[in-house]
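Coordinates in review
In case you want the letters, here they are:
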Amino acid sequence: MGRWGSERLPVRLASRQLFLLIMLSTRCYGAPDIDGKFRHRRYASKYFSSPRRPELNHPLARRSSEQLCVRFLRDVEFETKNAQRKTQHWGSELSTNIPSFQFENVLLNDWELLRCLETLRDVGLMLIKKVPEKTGQVRKLAERIARLRYTSYGEEFTVKSKFEPSNLAYTGHKLGLHTDLPHYHYTPSIQFLHCIKQCIGDGGDSNFSDGFNAALQLKEQDPEFFEILSTTYIEYVDVGHDQFEYYTRHPQTVFTFDQFGDLFMVLYNNSVRTITMPMPKDKVYGYYRAMKAYDNILNSPANIVRHKMQPGDLVVFNNVRVLHGREAFNVHGSGERHLEGGYIDWDDVHSRIRVLRTKFDLPVNG
Ligand SMILES: [Fe+2]
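Now for a description of the structure that goes with this document.

Thresholds, definitions, all that
- Residues numbered from 1 in each chain as written.
- Predicted model: local features only at pLDDT ≥ 70, side-chain atom pairs only at ≥ 80, totals over all residues.
- Pairing = 2+ DSSP bridges.
- Helix = DSSP H or I, 4+ residues; strand = E, 2+ residues; numbered from the N terminus.
- Axes fitted to C-alpha atoms, helices over the stretch in contact; angles between N-to-C directions.
- Contact = placed C-beta atoms within 7 Å.
- Buried ≥ 20, exposed ≤ 12 C-beta atoms within 10 Å, placed from the backbone.
- Arc of directions from axis to C-beta.
- Expected span 1.5 Å × (residues − 1).
- Core = buried A, V, L, I, M, F, W, Y, C linked by C-beta atoms within 7 Å.
- Parallel < 35°, antiparallel > 145°, perpendicular 65-115°, else oblique.
- Nonpolar A, V, L, I, M, F, W, Y, C, P; charged D, E, K, R; others polar.

1. Let's talk about the sheet that holds strand β13 (residues 322-326)
- Here we have four strands laid out as an open sheet, ordered β4-β13-β6-β11, and antiparallel in their pairing. Two strands bound the open sheet, and with one partner strand each, they are β4 (175-178) and β11 (304-307). Recorded for the sheet is a direction-independent mean angle of 15 degrees between the axes of neighbouring strands.
- On the sheet, helix α6 (residues 211-221) packs against β6 (206-210) and β13 and is oriented at approximately 50 degrees with respect to β6.

Have a look at this one:
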C-alpha cells in the first residue's frame, strides 16, 4: 500500500468510505498505524479516549457518526466469523466412516496436513493410519503441528494396566464417556491416542460420542435441562502422584458458549466430579436429572461410534467436544494393550491452519 490519507484523495469520500480508511489505517499491514516488522498496531490510545465511541477521535473520523461505526464494526468484523469452520455433527453412522489419513502423508505433505487439521476442526474425530508400532509417534505428530501440552501425567502418557495405577485408565475396567482433565482451568483441548498393542480377545473397544450433537438433542428434548447444564457450575478435581504430586481442581459448566452463542466446549467427566455439589440444596435434584438426561443421549446407540483400534492406529479427537470411553478388557499380563497418548491445544492448531492457508494463498478469516 502506498502513501495515502484523506488530504491526498482526489475524490470526496462518503462517511462509509471514510470509515473504511480509518479501519484500514489501523488494521492493514503496511498502513501508517501498523508496525511493518511485527504486524502489531502501534500504541495509539488517543483514538480510544471515549470507550463508547471507539476510534472516533482518529483524524479521519471527524465527520462520522457512532452509529455508522457500530454498523461498520458489525458488518466487517463479525459477519466473517469462522468463515472456514463448518461444524459437522455426527452419530453412530460415523463408525464405518471415520475420516482417515496416512501418517506418512500427514508428516511429509503440507496440503495433507491442512486437510487433516481442518477435518479435525470440523468433525472433531479422525484416524491416522499406518503409524509405526512403537513409542514416540505421538510426539512426532504433535511437533509436526506445534508441541505437546505438559500435564500432571507428563507430555506423552502411557495407557497400560499398571500394578499401582494413578488413574482408572491404567486398569482394565470399562471407562464411561468423558472428556479428559476438566479440573484444569485451561483444559487440554485435543487428544492423541496411539495404539501400539491391542488386547487379545474381546473388549478394549474405544467409544466416542459427539458432545455438541448430544447437547443440541438435549436442547430439543428438554430445554430446561439444557439451561441447567449451561449455567450451573460443578467442580472437578484430580489428586495424586504421577510425574509429580498434583491437586488440580476447577469449577466448570458442562456447556460453554462462544461470543456468538454457539457451543464452544463440552466438559463432562463423572469420574472426577467432586463429591460435593456447589449449588443450593433445592437445585441438586434437578441437576442430577439434567446430567442423567444428557448422559442417556450421549450413550444412546444412535450416537455412539465404537471402534476397536488396531496396532498402528492413532486416533485424534477434540477433547472439549468429543467424549471418549472404553469397553472393559481382561488383563492377562504386562505386555498387553499399550496405548500412548498426548495433548495439544486449539490455539496451536488454529495457528498452524492459518499458516498453511496463507502458504496456499487461501483466505484466512476464521
Ligand atoms: Fe480419557
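2. With respect to helix α7 (residues 223-231)
- Within α7 the residues assigned to the buried category are Phe 225, Phe 226, Ile 228 and Leu 229. Seen end-on, α7 carries its buried residues on one side only, within an arc spanning 160 degrees. Counted as exposed and oriented over 90 degrees from the buried face of α7: Pro 223, Glu 224 and Thr 231.

3. Description of helix α8 (residues 281-299)
- When the terminal C-alpha atoms of α8 are compared, their 28 Å separation across 19 residues agrees well with the 27 Å that a helix rising 1.5 Å per residue should span.
- Within α8, burial applies to Ala 290, Ala 293, Tyr 294, Ile 297 and Leu 298. Each buried residue of α8 lies within a common arc of 140 degrees when the element is viewed along its axis, so the set occupies one face. Facing away from the buried side of α8 by over 90 degrees, the exposed positions are Lys 281, Val 284, Tyr 285, Tyr 288 and Lys 292.
- Next to the buried residues of α8 lie β4, β6, α6, α7 and β13.

4. What about unusual backbone geometry?
- Even without being a glycine, Lys 130 presents a positive backbone phi close to 55 degrees.
- For Lys 130, a count of 14 C-beta atoms within 10 Å translates into the label partly exposed.
- Of note in this structure, Asp 361 is not a glycine but carries a positive phi near 60 degrees.
- Mapping Asp 361 onto the fold places it in the segment after α9 (346-359).
- Here Asp 361 falls in the exposed class, since 7 other C-beta atoms lie within 10 Å of it.

5. Overview of the pairing of strand β7 (residues 234-241)
- Here β7 runs beside strand β8 (residues 245-252); their pairing, made up of eight bridges, is antiparallel. Note on β8: the bridge partner recorded for Gly 240 is Tyr 246.
- The turn linking β7 back onto β8 is made up of three residues.

6. Re the nonpolar core
- Core analysis: the biggest nonpolar cluster contains 58 residues, and Val 266, Tyr 294, Leu 314 and Val 316 have the highest contact counts within it.
- With sequence-adjacent residues up to four places away left out, Leu 314 is seen in contact with Phe 103, Ile 128, Val 131, Gln 137, Leu 141, Phe 192, Leu 193 and His 194.

7. Side note on the sheet that holds strand β5 (residues 190-197)
- With mixed pairing, six strands are arranged side by side in an open sheet as β1-β2-β12-β5-β14-β3. The open sheet has two free edges, formed respectively by β1 (100-102) and β3 (157-159), since each of these has just one partner strand. Neighbour-to-neighbour, the strand axes of the sheet open up by a mean angle of 25 degrees, direction not taken into account.
- Judged from the four bridges that link them, strand β2 (residues 125-129) and strand β12 (residues 314-318) form a sheet pairing that is antiparallel. By the bridge assignment, Leu 125 is partnered in β12 with Phe 317.
- Where helix α4 (residues 110-123) meets the sheet, its contacts fall on β1, β2 and β12, and the angle it forms with β2 comes to roughly 145 degrees.

8. Quick notes on the pairing of strand β14 (residues 338-344)
- The element β14 is extensively covered by neighbouring structure, given that six of its seven residues are classed as buried.
- The pairing of β3 with β14 spans three bridges and is classified as antiparallel. Residue pairing across strands places Val 159 opposite Leu 339, the latter belonging to β14.
- Pairing analysis gives seven bridges linking β5 to β14, with the strands arranged antiparallel. Opposite Phe 192, over in β14, you have Gly 342 as the bridge partner.

9. Brief notes about the packing of α6 against α7
- Their axes nearest at 5 Å, the elements α6 and α7 cross at an angle of 130 degrees. It follows that α6 is oblique to α7 by the angle criterion. In contact with Ala 215, Leu 218 and Lys 219 of α6, α7 contributes Pro 223, Phe 225 and Phe 226.
- For the contact of α6 with α7, the residue count by class is five nonpolar, no polar and one charged.

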